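Now for the letters of each chain:
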Amino acid sequence: VKPGTLYRDLGTTIEKIAKANKCSVVRTYCGHGIGSLFHTIPNVPHYHKNKAKGTMKAGHVFTVEPMINLGNAGDTTWGDNWTAVTTDGKRSSQFEHTVLVTETGCEILTARDNE
C-alpha cells in the first residue's frame, strides 16, 4: 500500500495468498473508505479481477477486512441479519484493519504495538 497503488490490486494480492494456502475469499463483503461518512468510497474488494475504482493517495483511509474460507467462497447470512457463515460448513476467518496511506507507504492504524 502506497500512493499510486490501484485499490483493485489489493484483491489480487489477498486472493493469491489465500489460494496459495488452499483457501478461498468471500466476494460478498469488501473493505471501504473511512471519512466524514463511516462506510464510504472507495470500495475495496478482496478478490482478484474485481472492478474497484480509484488510486491510493496520501491521506486516504480505508479498511481491509477479508473473509477467508477453508472451503469454497460461498457464504450466507443467518436470520439475525448479521452472522455470516460458509455455505459448505467449513471454517472461516474474518479480520479488519484500518489503513492510512502516507507519502511513502502506509500506517496500519489498528495494529497492536507488537505487530
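Computed from a prediction, not measured in an experiment: that's the story for all the values here.

> Just checking my understanding: could you explain unusual backbone geometry for this structure?
The bulk of non-glycine residues show a negative phi, and the bulk of peptide bonds are trans. Here the residue pair Ile 41 and Pro 42 is connected by a cis peptide bond, since its omega of 5° sits within 30 degrees of zero. Assignment of secondary structure puts Pro 42 in strand S3 (residues 40–44). With phi around 60°, Lys 22 is a residue other than glycine that occupies positive phi space. Looking at the element boundaries, Lys 22 is found in the loop between helix H1 (8–20) and strand S1 (24–25). A positive phi angle, near 60°, is found at Lys 49, a position not held by glycine. Turning to its location among the elements, Lys 49 is positioned in the loop between S3 and strand S4 (61–64).

> Looking at this structure, I do not really get the environment of Val 61. What am I missing?
Among the secondary structure elements, Val 61 is positioned in strand S4. Considering only alpha carbons, one finds Val 61 and Gly 11, 50 residues apart in sequence, at a separation of 17 Å. The contacts of Val 61, once residues within four sequence positions are left out, are Gly 33, Ile 34, Thr 98, Val 99, Leu 100 and Leu 109.

> Can you help me understand the packing of aromatic side chains in this one?
Each aromatic ring pair is specified by the distance between its two centres and by the angle formed by the two planes. Applying the stated criterion across every chain, the model contains 1 aromatic pair. Each ring, one from Tyr 7 and one from Phe 62, has its centre 5.2 Å from the other, and the planes form 85°; the classification is edge-to-face. Taken together, the residues span a long stretch of sequence, with Tyr 7 in the segment before H1 and Phe 62 in strand S4 at a distance of 55 residues. Look at Tyr 7 and you get buried, because its relative accessible area is 1%.

Rules and cut-offs
- Residues numbered from 1 in each chain as written.
- Predicted model: local features only at pLDDT ≥ 70, side-chain atom pairs only at ≥ 80, totals over all residues.
- Heavy atoms only, no water.
- Helix = DSSP H or I, 4+ residues; strand = E, 2+ residues; numbered from the N terminus.
- Contact = heavy atoms within 4.5 Å.
- Phe/Tyr/Trp six-rings, centres within 6.5 Å; stacked < 30°, edge-to-face > 60°.
- Buried < 20%, exposed > 50% of the residue type's maximum accessible area, 1.4 Å probe, protein only.

The analysis is restricted to geometry; functional conclusions fall outside its scope.
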